[in-house]
Structures are given as structure tokens and as C-alpha cells.
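Results of the structural survey
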Amino acid sequence: METKLGFVVAGLLLGIFIASMDNTIVSTAMGTIVAELGGLDKFVWVTSAYMVAEMAGMPIFGKLSDMYGRKRFFIFGLVMFLVGSILCGMAQSIEQLSIFRAIQGIGGGALVPIAFTIMFDIFPPEKRGKMGGLFGAVFGLSSIFGPLLGAYITDYLNWRWAFYINIPLGLLAFFLVIVYYRESAKHSKQKIDWWGAFTLVPSIVCLMFALELGGNKYDWNSHIIIGLFSAFAVLFLAFLYVETKAEEPIVSYQMFKKRLFATSNLIGLCSGAAFIVAAVYIPIFIQGVLGGSATNSGLVLLPMMLGTTVSAQLGGFLASKMSYRNVMIIFTVIFVVGMYLLSTLSPDTTRLTVTMYMIIAGLGIGASFSVLGMAAIHHFDETQRGAASSTNSFVRSLGMTLGITIFGIIQRNLFTNKLADAFHGMPQVPQGVTFKDPRAILSPEARSHIPKPVLEQITAALSSSIAHTFMWALVPAVLALVFVFLMGNERLTIMRKDTQISNSN
């Protein structure tokens, strides 16, 4: 039995690994992809399509897994993800790649939340902390590992292998879960909430594209962006209303009456918004301010990845020893300290100092990847765990999306204003200087064409804008800490009456 469980866990971890890694793996390969396929004005869709499909699918697949079983929808997610990966590797245009990334995203939306739910189903309470830590560590590790692997594959193989690499890993996961996972027959046959699905999915699509395209392809006050936000508001309000009438809603308001569930989602929303700022802007700071190499930009985040991996496992372990709240207090305080330290960055900050700050921030956020997932489904049985887990994953992803958009606007405005002040009164902007995108000065080639006094002004403006953005990111980080204090005193080992491992496993 233990051997079978080990194989099941391996299959689930592989599913989490490839799904969360593909959120970020194309980021460092995008320049090469655009150079080969063209479509510079459309490259944002490659990332957006995956995130939109993944987020829209999460709550729906979670609910369906409660109704008809975890295994079939985890396998469905794997198949869709692998088909999408193969098609992405074969794409001949940026439009094709975007469509195929959406197919991938549909699969990804099923894999991560259902994998966490299966883990909770098959392990008794005394083992869930350890396993939750392992699952959380793999989730955090793969999210940060994506850019590193993408950069390596692009440099030494071909960008298409960033997608083809999923095939052997996915097939192995498919085999392990198909052969060794035997789920219990305890499911809740319910009516499908079609109206909920038909209002939720397009509302998320409108929101994601408004956030992705606003300020990039279109101005924020353009008719297209305003129209997308308006459509999101109307559809989402319709979804909220529909859910009050549905017999079996996709997102049950009853769940949010559980304080532990509600606070876990709020913490995930806020901590995700703050964490993504660190993941995005630390590499920009190191390359743009300290003059680090852009070739292996994924390596920059390795210290944070190390801290995240360690604390995810430690948090899961401690969750079986003390309450979820006490565990999260410890690590969220560390996270707030880490974000504050990052807000003190300047052109004089050494690389070693940045590394230490990254480790502290990683240690702080890592535990949330394991503890919040377990806390969110603590009060629910097998008939509701899928919906609870997927809602938690959805809310965290939404927080990260909102964070990267809102703080991206803040950083760009700060950077633009600092540059305008620095070059005020000059007859023309120096060659190589852009008021819109700090990435334009990241490459050594671009920096070599900028006079040293001018470059110092630019790097000072970039450093200041990033430091102030980290300071603003303290707002959601501190809010996350406030919500942590509102969690109840529940702890993992209280759930002794919960279902134990089925003999069929």
C-alpha cells in the first residue's frame, strides 16, 4: 500500500510541477520566440492565454471533481495539458501559439487544485502536514524554476523544447495515476451550474485581458480597455447573483461562512499580490541597476527558490504541531520583514545583500504554499474539497495577476517621473533612454551605448522606482498578516474523524 501511495504522490507532484512551471517558463524564451515567429505586438497573448484558461478552469474543475471523481478530471487535465504542449511546440505563428497555450491552460486549471485535493483525500491527518509541505514546496519551486529552465532550454536547445519537455514528465504522471490511484466512490452527484460557468469564464477572460493589455497594447482610458472592464463587472455581478440561485453553485457562499476558509483565501490573495512583485522586480533590479547578466536571468531567483522550498516543507511540518494561525504568523512576519528589506534597495546595495533579502522573503512566503492549501479545505469532506481547494488556488492566482498589474503601473509611473525629473530641461532624451520600459536598458548592448553619467541617472531612477514599488507592496503583505490574526485556532490533527486511507488504495 505504501508503495502504491508513493507512486500516486509522484504522479501528482509531476502534474503540479509541469502545470505551475508553464506559468513562467516562456518568460525568458519570449524574445527568441518572437524573433522566430514574429508578432511582437501580440506576444503578451502567449502568457495571457495560459493564465486566463487556467484561472477560468480552476473553480469549475474543482467542483466537477467533487461531483464525478478526482481521477477522471486529473487525467483529463493531464491529457489537455499534453495535447496543448505538443501543439505549442509545433506552432508556426504567434497566433497559433497563443491558442495552443490556452489549451494547455485548460489542463493546468485542473491539475494543481485537484492534486492537492487528492493528497488530502488519501492521507490521514497525521501525515497531511508533511505531504502538504512537500506539495507546497514543489509548487513554489516549479513556479520560480520555470524562467531558469526556459532560459537554459532556449540557450542550449530550442525554445520548442520548453513545451516538449512536458511530454515525458506528463506521460509518466499519467501512467502512475492511472495505474496506482484508486479513489473511493464517495462523490456527490449534483446538477452542473451551467449559468455559473457561462458567466464566470467570460468575466475572467475580460478581466485578464484588460489587465494584460491595458497600459501595453492599449491605453488604460481606451474604449477597448474600458469596455473589457465593464464587461467583466457586468458578467461577474451576474455570476454572483446566479450563484445565490444555483442548487449547487461553483463557488458556494456557505464555504465563506467558515472563518478559516475565508481568511485563508484573503491571505492567499494578499500574499500572492506582494510575492509576485519580488519575483518580477528583483531580476530587473539586478540586471538594470547592478548590471547583472541577462543570459541566465532565472538564476537570479535561486536564493528565493531555496527559501521558498525550505519553508513550504517546514510550514507543512509545523501545521501538524500547532495551529494554522500560529504557523502563518511566524512566516508572514518573516515575509513582511523581507519585503521591507527589499524596499531599502539602492544602487549601492551589494549583490550579497540582495541575496540575503531574497532568502528572507522566500522563507516568508513558502509556508503559505502548503499551509493555506490545507487550511482552506480543513472543514470540508470529500464532496466539497475539490471546490474548496480550487477556489483557494483561483484566488491566489487572481492576487498574483492583480499584483503584477497594479504594481507594474506604480513602478512604470515612478520610473517615468524620475527620468523626467532627471532629464528635465534637456533638449532631447539621450539615445537608448526610454520613459516607458526599464527592460530596454537591461542588456549590456543597450548600456554600452549610453554615456556613463546618463546611465547613472537612469539606474538611480530605476532603483528608486523598484524600491518604492516594494514599499507599496508592503500594503498587501501587512494586510495578509492582519488576516492571519483573524484565522481560528484549528490545527491539522484535530480532524481525527476524517476519512482514512481506503483499503482499495
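Quick caveat, the model's predicted, so the values are computed rather than measured.

Moving on to the packing of helix H9 (residues 194-213) against helix H15 (residues 385-422). It is the contact of H9 with H15, at a shortest axis distance of 10 Å, that shows an interaxial angle of 25°. Considered as vectors, H9 and H15 are oriented roughly parallel to each other. Relative to H15, the crossing made by H9 is left-handed. Only Phe394, Leu398, Thr401, Leu402 and Thr405 of H15 make contact with H9, whose side of the interface consists of Ile204, Leu207, Met208 and Leu211. Among the residues forming the contact of H9 with H15, the class breakdown is seven nonpolar, two polar and no charged.

Bringing the layout of surface pockets into the picture now. Considered as a void within the structure, the second largest pocket measures approximately 430 Å³ in volume. The wall of the second largest pocket is formed by 20 residues, among which Phe236, Phe256, Phe394, Val395 and Leu398 lie closest to the centre. Among the residues making up the lining of the second largest pocket, the classes are represented as 17 nonpolar, two polar and one charged.

All chains considered together, the criterion is met by 13 aromatic pairs. Ring plane angle 50° and centroid distance 6.4 Å describe the contact between Phe61 and Phe73, whose orientation is recorded as tilted. Within this pair, whereas Phe61 is found in helix H3 (residues 44-68), its partner Phe73 is found in helix H4 (residues 70-90), the two being separated by 12 residues in sequence. Comparing Phe61 with Phe73, the two get one shared label, buried. Measuring from centroid to centroid gives 5.5 Å for Phe232 and Phe236, while their planes differ by 25°, and the two rings are stacked. Of this pair, Phe232 and Phe236 are both found in helix H10 (residues 223-245), four residues apart, which corresponds to roughly one turn of the helix. Members of the aromatic cluster, connected to one another through ring pairs, are Phe7, Phe175 and Tyr180.

To continue, consider the nonpolar core. In this structure, Ile282 and Phe470 are the most contacted members of the largest nonpolar core, which totals 149 residues. With 16 residues, helix H11 (residues 259-288) is the single largest residue contributor to this core. If near-sequence neighbours (up to four positions away) are discounted, Phe470 is found in contact with Val277, Ala278, Tyr281, Ile282, Met339, Leu342, Ser343 and Leu345.

According to the stated counting rule, one finds three cavities of 30 Å³ or more in the structure shown. Each pocket or cavity is described by its volume, and for the second largest cavity that value is around 40 Å³. Surrounding the second largest cavity, Ile267, Ser271, Met328, Thr332, Phe335, Gly364, Ile365, Ser368 and Ala480 form its lining. Of all the secondary structure elements, the ones that give two or more residues to the lining of the second largest cavity are H11, helix H13 (324-342) and helix H14 (351-376). In the lining of the second largest cavity, the residues fall into five nonpolar, four polar and no charged.

On average, residues of the chain carry a pLDDT of 81, and 86% of them reach 70 or more. Between the elements of the chain, mean pLDDT differs from a low of 63, seen in helix H16 (residues 444-448), to a high of 95, seen in H13.

Further remarks concern the side chain of Arg396. Assignment of secondary structure puts Arg396 in helix H15. Sequence-distant contacts of Arg396, that is, excluding residues within four places in its chain, are made with Phe139, Gly268, Ser271, Ser368, Phe369 and Leu372.

The rules behind each value
- Residues numbered from 1 in each chain as written.
- Predicted model: local features only at pLDDT ≥ 70, side-chain atom pairs only at ≥ 80, totals over all residues.
- Heavy atoms only, no water.
- Axes fitted to C-alpha atoms, helices over the stretch in contact; angles between N-to-C directions.
- Helix = DSSP H or I, 4+ residues; strand = E, 2+ residues; numbered from the N terminus.
- Parallel < 35°, antiparallel > 145°, perpendicular 65-115°, else oblique.
- Left-handed = near helix turned anticlockwise from the far one by under 90°.
- Contact = heavy atoms within 4.5 Å.
- Nonpolar A, V, L, I, M, F, W, Y, C, P; charged D, E, K, R; others polar.
- 1 Å grid on protein atoms, 1.4 Å probe; cavity = no way out; pocket = protein on both sides within 12 Å on 5 of 7 lines; lining within 4 Å.
- Points joined across faces, edges and corners; volume = space filled by probe spheres on them.
- Phe/Tyr/Trp six-rings, centres within 6.5 Å; stacked < 30°, edge-to-face > 60°.
- Buried < 20%, exposed > 50% of the residue type's maximum accessible area, 1.4 Å probe, protein only.
- Core = buried A, V, L, I, M, F, W, Y, C linked by side-chain atoms within 4.5 Å.
- pLDDT = per-residue confidence, 0-100.

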